[in-house]
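What follows is the residue order along each chain.
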Amino acid sequence: MSAPSSAPELLSTRLADVGGIPVHRAVPQRALRKVGAWCFLDHLGPSVQHGDRSLQVGPHPHIGLQTFTWMIEGEVLHRDSLGSEQVIRPGQINLMTAGRGIAHSEESLGSPRMHAAQLWIALPGDERDMPPRFQHYPDVPRCTQDGLEICVLAGEALGAVSPVQVHSPLVALDLSLRADAPGPVTTELALRADFEYAVLALTGAVVVDGMAAAPDELLFLPAGRSTLALQCTPATRLLLVGGAPMHEDVLVWWNFVGRTQEEIAQALADWQAGPEGASRFGHVASPLAPLQAPALEGRLRAG
Ligand code: MN
């Protein structure tokens, strides 16, 4: 039995712009700073792209996090300051560990449709200065349960383990109905009671323990539950993320994740120093213009 405190909480997402296309930003928000170490969750599309309305993100820096890109439709070319050049296609994951500093660019390759999720994972405090790294995963484990196809993007579920290298206990699953499913499906997923979770409907609606969420509504589930009842329609595709609650406050500002204001200010100064000061972030061989950081004003709020 679940404690009353573990009832799902329904949250909305907000519209933001990333590289010229509208995205739904689910995390962070005032009521939810992170889910485990997942400290950022953007849902891109599903949308039709044309000409100047396609994803084009010029070189920009990151510190203290891993960027985790899950491609559902479309193709994006990733380039970074380690010299990586990698196209990500549907069903694949790009994982970029920023550590002490990296820069990258992302360009849509003109595919007519775009659908993806981009998440950030805060690195644990004692590992946040690790060397930068880029990893591409061309395939992820897939399992089925009650007519649902479940892609194990991170962590483990149903006996399958994702190869994606993370630095704290966490999980990410993509769930959708198999094409041969006869109609709506009800299923129960096993959860870890020591994890907190969030469910985001990417398409279609989902009902979680009797609570309905429309596309781009987020259901947060506090730690303390061992199962989750899901009702999905044939149109439903959802993302479930979870992790052990992170017992350290982090600062998320622009593309940086840190612990102190000074750390963030230093990363900003290092980026603004430009190519001459670029030893920290390095050079990205991209035709796109580098992104300008906003002004850092006032004290940042940890969460
Ligand atoms: Mn980025």
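For every chain, the first residue of the written sequence is number 1, and numbering continues from 1 onward in sequence order. Reporting in this predicted model follows two pLDDT cut-offs: at least 70 for local features of residues, and 80 or more for side-chain atom pairs to be given and counted; totals over whole chains, interfaces and linings ignore these cut-offs and use all residues. Note that water and hydrogens are dropped before the side-chain values are worked out from all heavy atoms of the structure.

Please set out the overall build of the protein chain residue by residue, giving values where relevant.
Secondary structure follows DSSP: runs of H or I at least 4 residues long count as helices, runs of E at least 2 residues long count as strands, and numbering of each begins at the N terminus. When you go through the protein chain residue by residue, the secondary structure sums to one helix and 26 strands. The quantity called the radius of gyration is restricted to C-alpha atoms. Its globule counterpart is 2.2 Å times the number of residues to the power 0.38. Relative to the globule expectation of 19 Å for 303 residues, the C-alpha radius of gyration of the protein chain, 19 Å, shows essentially globular dimensions. Seen through its principal axes, the protein chain has C-alpha atoms that stretch 60 × 40 × 30 Å. Burial classes follow relative accessibility: with a 1.4 Å probe on protein chains only, a residue under 20% of its type's maximum area counts as buried, one over 50% as exposed, and anything between as partly exposed. Scored against the burial criterion, the 303 residues of the protein chain give a buried share of 56%. Any two residues having at least one pair of non-hydrogen atoms within 4.5 Å are treated as being in contact. Residue pairs in contact within the protein chain that sit at least 24 positions apart in sequence constitute 73% of those at least 6 positions apart. Here the protein chain displays about 12700 Å² of accessible surface, and carbon together with sulfur accounts for 52% of that area. With residues, only the protein chains shown are counted as cover, and all accessible areas are computed by Shrake-Rupley using a 1.4 Å probe.

Requested: an account of the coordination of the manganese ion, with residues and values cited.
Each metal site is built from N, O and S donor atoms within 2.8 Å (3.2 Å for Na, K and Ca), and since water is not included, such sites may look incomplete. For the manganese ion, the full set of protein donor atoms is H60 (NE2), H62 (NE2) and H104 (NE2), and the range of their distances to it is 2.1 to 2.2 Å. The motif formed by the donor residues of the manganese ion, counted along the single chain, is H-x1-H-x41-H. Taken as a pair, H60 in strand β5 (residues 56–62) and H104 in strand β10 (residues 102–108) lie far apart in primary sequence, 44 residues in all. Given the relative accessible area of 4%, H60 is considered buried.

Before we move on, could you go through the pairing of strand β24 (residues 237–243) and cite the residues and values that matter?
Among the seven residues of β24, six are classified as buried, and the element is accordingly described as predominantly covered. Here a strand pair is declared whenever DSSP counts at least two bridges between the two strands. Pairing of strand β17 (residues 170–177) with β24, which is carried by seven bridges, proceeds in the antiparallel orientation. Following the sheet pairing, L170 is matched in β24 by G243. Summarising the sheet, strand β19 (residues 196–203) and β24 pair through seven bridges and their orientation is antiparallel. Counterpart to Y197 in the pairing with β24 is G242.

Any chance you could break down the sheet that holds strand β9 (residues 93–97) for me, citing the residues and the numbers?
Strand order in the open sheet made by the seven strands is β2-β3-β4-β11-β6-β9-β12, with antiparallel pairing throughout. Of all the strands in the sheet, just β2 (14–18) and β12 (133–137) have a single pairing partner and so form its edges. Within this sheet the neighbouring strands show an average axis-to-axis angle of 20°, counted without direction. For strand β6 (residues 65–73) and strand β11 (residues 113–122), the ladder comprises eight bridges, and the chain directions are antiparallel. Opposite T69, over in β11, you have Q118 as the bridge partner. Under this scheme, a helix contributes an axis fitted over its contacting stretch, all axes are lines through C-alpha atoms, and angles between N-to-C directions fall in the 0 to 180 degree range.

If you had to explain the sheet that holds strand β23 (residues 227–232) to someone new, which residues and values would you point to?
Overall, antiparallel pairing links the four strands, which are arranged β18-β23-β20-β21 in an open sheet. On the outer flanks of this sheet lie β18 (185–190) and β21 (211–213), each paired with one strand and no other. When strand polarity is set aside, the average angle formed by the axes of neighbouring strands in this sheet is 25°.

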